[in-house]
Amino acid sequence: VIIYAARLLEIEDYGIFSYTLSLAMLFTIATDFGVNGILTREVAKNPETRHQYFSTILIIKLILISLNIILILSIIPFITSNNEILILLPIIVFLIAFDAVRDFGFSFFRALEKMEIEAIIFILTNIAISAFGIIALLTSRNALSLSIGYTLGSAIGTLATIWILKKEFSNILKNFNKKLIYPILNAAWPFAMLGLLGGIMVNTDIIMIGIFKTIEDVGLYSAAQKPIQLLYVPASLIATSFFPVFSRLTENHNKEKMKIAIEKAVTAGFLISIPMIIGGIILSEELIKFFFGNKYLSSVLSLQILFLTNIFVYLGSIIGNVIFAHNQQKIFFGSVILGTGGNIILNALLIPLYGIAGAAMATLIVQILSNGFLLWMTKKINDFRILYKLPKILLSSSLMGVLTITLKLLEVNFMVNILLSMFLYLLILYLIKEEFIFDIKKILKI
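What counts as what
- Residues numbered from 1 in each chain as written.
- Predicted model: local features only at pLDDT ≥ 70, side-chain atom pairs only at ≥ 80, totals over all residues.
- Heavy atoms only, no water.
- Helix = DSSP H or I, 4+ residues; strand = E, 2+ residues; numbered from the N terminus.
- Rg over C-alpha atoms; globule rule 2.2 N^0.38 Å.
- Buried < 20%, exposed > 50% of the residue type's maximum accessible area, 1.4 Å probe, protein only.
- Phe/Tyr/Trp six-rings, centres within 6.5 Å; stacked < 30°, edge-to-face > 60°.
- Lys NZ or Arg CZ within 6 Å of the ring centre and 35° of its normal.
- Core = buried A, V, L, I, M, F, W, Y, C linked by side-chain atoms within 4.5 Å.
- Contact = heavy atoms within 4.5 Å.
- Patch = residues over 30% accessible without salt bridge, like charges linked within 9 Å, V, L, I, M, F, W, Y side chains within 5 Å.
- Areas by Shrake-Rupley, 256 points an atom, 1.4 Å probe, with all protein chains shown as cover.
- Salt bridge = Lys/Arg side-chain N within 4 Å of Asp/Glu carboxyl O.
- Lys, Arg positive; Asp, Glu negative; His and termini not counted.
- Charge placed at Lys NZ, Arg CZ, Asp CG, Glu CD.
- Expected span 1.5 Å × (residues − 1).
- Axes fitted to C-alpha atoms, helices over the stretch in contact; angles between N-to-C directions.
- Parallel < 35°, antiparallel > 145°, perpendicular 65-115°, else oblique.
- Left-handed = near helix turned anticlockwise from the far one by under 90°.
- Nonpolar A, V, L, I, M, F, W, Y, C, P; charged D, E, K, R; others polar.
- pLDDT = per-residue confidence, 0-100.

### Side note on the overall build of the protein chain
For step 1, the next point in the chain: The number of helices and strands found in the protein chain is 22 helices and zero strands.
For step 2, the next point in the chain: Over its C-alpha trace the protein chain gives a radius of gyration of 22 Å, about what one expects of a compact globule, namely 22 Å for 446 residues.
For step 3, the next point in the chain: For the protein chain, the spread of C-alpha atoms along the three principal axes comes to 65 × 55 × 40 Å.
For step 4, the next point in the chain: Looking at the protein chain as a whole, 54% of its 446 residues are labelled buried.

What follows is the structure, given as structure tokens:
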């Protein structure tokens, strides 16, 4: 619906919505304070403690949400003087609260390895956001209307989460254990700093473009960001799906099985991200035209640069959860400080010179530096392999890229090109007997 909005709204209105949404995402991360990950890890390790951890962390979460709402209403008016953005603040407050409660519920589902419930609510939420968003845009084509529709959709997903977990929510005071507060916060604060600094790193681009350039530039950069953020979703799904497994194997001190699990997760990440990068760079112009329209063609170069971040994001998502499963989250400090500081400095240097393409370059550089540091530190914990699968994946991806370029030169329809290229990629992997494809085949019972 955000992509649809880009076609309907003026670039400036789209920039206002994107800028406000970036602020909301930043403050949503701040409501976590690392406690979501603690809930997943502790319940996965000791399922019998799930009721106490759920209730205690939920109360902590509600306090954090309240504090963040106060901060938003107090601080944002000093960050921007744009009246249209300030009008959206009350709506953003509700959006942050809804997203925070829903994410908390998702953490509990992951701990129980019930990711199918998370998937259902995730799909329901996005269907609701799309429905309300489209109705809002058809009613009034502006950032305010879109924000209201987006927030109503988020509310539907949150209500569904509360309904499914109604027994846990109804016993919140009964199962609350104040003795757990200190151990939870003590374990969570390093991860809280990671989340907060990581959120700053992710959203710095939009905020600094708003400072150095115009709201229209924010809209153009958002057009490049949105497809990439969508393509990051599989990285999150892979990482969160493996996290309970990583936690359990860590608890059992099974280093060899842990190594196999990490390698499988990393392979899955490479299998998705590498062809995505090659195909995405080749078809970036067609992608912008197809989804956003010709008025956003200035964002093509930024999109091509951002496509390169995929491989580092996929790898970083997986090894980040490996570190967290080993309770070594202090390792994140070096990576996040490097990434956050680097992002701010590079954005300040590159945005004035190269505009939104400079912001994309800054993002790529800091992803390489921060995730490279994480990889180096993670291999000290478990010396897993990451390169042994690359030859087959690179071969398949390169041949796929040749087909993608050929179909592009023949002016084959954009979507047909993608489908045929994907088919060839999977066919080559099957023919060269990439074992991960056969693992998937076994799971699907084909």
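### Observations concerning the packing of aromatic side chains
For step 1, the next point in the chain: Under the defined criterion, the tally for this structure stands at 11 aromatic pairs.
For step 2, the next point in the chain: Seen in terms of ring centroids, Phe54 and Phe104 are 5.0 Å apart; in terms of plane orientation they differ by 55°. Their pairing is tilted. Residue Phe54 is found in helix H4 (residues 50–79), and its partner Phe104 is found in helix H6 (residues 89–111); the two are separated by 50 residues along the sequence. Here Phe54 matches Phe104 in class, with each residue buried.
For step 3, the next point in the chain: Residues Phe290 and Phe291 carry aromatic rings whose centres are separated by 5.0 Å and whose planes lie at 85° to one another, so their mutual orientation is edge-to-face.
For step 4, the next point in the chain: These aromatic residues form a ring-pair network of at least three members: Phe54, Phe104, Phe108 and Phe169.
For step 5, the next point in the chain: If you follow Lys166 out to its NZ or CZ, it ends over the ring of Trp163, 4.4 Å from the centre.
For step 6, the next point in the chain: One Lys or Arg, Lys379, reaches over the ring of Phe384 and ends 5.1 Å from the middle of that ring.

### Quick notes on unusual backbone geometry
For step 1, the next point in the chain: Even without being a glycine, Glu113 presents a positive backbone phi close to 55°.
For step 2, the next point in the chain: Examined against the element boundaries, Glu113 turns out to sit in the loop between H6 and helix H7 (115–139).
For step 3, the next point in the chain: When its relative accessible area of 36% is taken as the criterion, Glu113 is described as partly exposed.
For step 4, the next point in the chain: With a phi angle near 60°, Glu411 is a residue other than glycine that sits in the positive phi range.
For step 5, the next point in the chain: By the secondary structure assignment, Glu411 is in the loop between helix H20 (390–409) and helix H21 (414–431).

### Focus on the environment of Asn171
For step 1, the next point in the chain: By the secondary structure assignment, Asn171 is in the loop between helix H9 (166–170) and helix H10 (172–175).
For step 2, the next point in the chain: For the pair Asn171 and Ser55, spaced 116 residues apart in sequence, the C-alpha to C-alpha distance is 7.4 Å.

### With respect to the nonpolar core
For step 1, the next point in the chain: With 124 residues, the main nonpolar core has Ile57, Ile184, Tyr221, Phe246, Val266 and Tyr296 as its most contacted residues.
For step 2, the next point in the chain: Setting aside its immediate chain neighbours within four residues, Ile184 contacts Val35, Ile38, Tyr53, Thr56, Ile57 and Ile60.

### What to know about a negative patch on the surface
For step 1, the next point in the chain: A cluster of acidic residues, Glu10, Glu12, Glu84 and Glu216, forms a negative patch at the surface.
For step 2, the next point in the chain: Residue placement: Glu84 occurs in helix H5 (residues 83–87).

### Digging into H7
For step 1, the next point in the chain: The end-to-end C-alpha distance of H7 is 36 Å, a good match for the 36 Å that 25 residues give at a rise of 1.5 Å each.
For step 2, the next point in the chain: In this structure, the buried residues of H7 make contact with helix H1 (2–8), H6, helix H8 (143–164) and helix H13 (233–251).

### Focus: the packing of helix H18 (residues 332–354) against helix H19 (residues 356–381)
For step 1, the next point in the chain: Contact pair H18 / H19: the axes reach a minimum separation of 8 Å and the direction vectors enclose 160°. As judged from the angle between their axes, H18 and H19 are roughly antiparallel. When you trace H18 past H19, the crossing you get is right-handed.
For step 2, the next point in the chain: For the contact of H18 with H19, the per-class residue count stands at 16 nonpolar, 10 polar and no charged.

### Focus on a nonpolar patch on the surface
For step 1, the next point in the chain: Among the surface-exposed residues, Ile87, Leu124, Phe132, Leu144, Ile148, Leu152 and Ile156 lie close enough to one another that they form a single nonpolar patch of about 540 Å² accessible area.
For step 2, the next point in the chain: The biggest single contributor to the nonpolar patch is H8, with four residues.
For step 3, the next point in the chain: With respect to the helices and strands, Leu144 occurs in helix H8.

### So, the environment of Asn36
For step 1, the next point in the chain: Topologically, Asn36 is positioned in helix H3 (residues 35–45).
For step 2, the next point in the chain: Judged by relative accessible area, Asn36 falls into the buried class, the value being 8%.
For step 3, the next point in the chain: Through-space distance from the C-alpha of Asn36 to that of Gly105 is 8.7 Å; in sequence the pair is 69 residues apart.
For step 4, the next point in the chain: When neighbours within four sequence positions are excluded, Asn36 is seen to be in contact with Lys61, Asp103, Phe104 and Ser107.

### A word on H3
For step 1, the next point in the chain: The buried count for H3 comes to 10 of 11 residues, which makes it a mostly enclosed element.
For step 2, the next point in the chain: Taken residue by residue, H3 has Val35, Asn36, Gly37, Ile38, Leu39, Thr40, Arg41, Glu42, Val43 and Ala44 as its buried positions.

### What about the pattern of salt bridges?
For step 1, the next point in the chain: All chains considered together, the criterion is met by eight salt bridges.
For step 2, the next point in the chain: Residues Asp383 and Lys379 are paired through a salt bridge, measuring 3.1 Å at the closest nitrogen-oxygen approach.
For step 3, the next point in the chain: Under the relative-accessibility criterion, Asp383 is labelled exposed at 53%.

### Description of the confidence of the model for the protein chain
Interpreting fine coordinate detail is not advised for predicted regions of low pLDDT.
For step 1, the next point in the chain: When pLDDT is averaged across the protein chain, the result is 85; 93% of the residues are at 70 or more.
For step 2, the next point in the chain: Of all secondary-structure elements in the protein chain, the lowest mean pLDDT belongs to helix H22 (residues 435–444), at 58, while helix H16 (residues 300–307) reaches the highest, 95.

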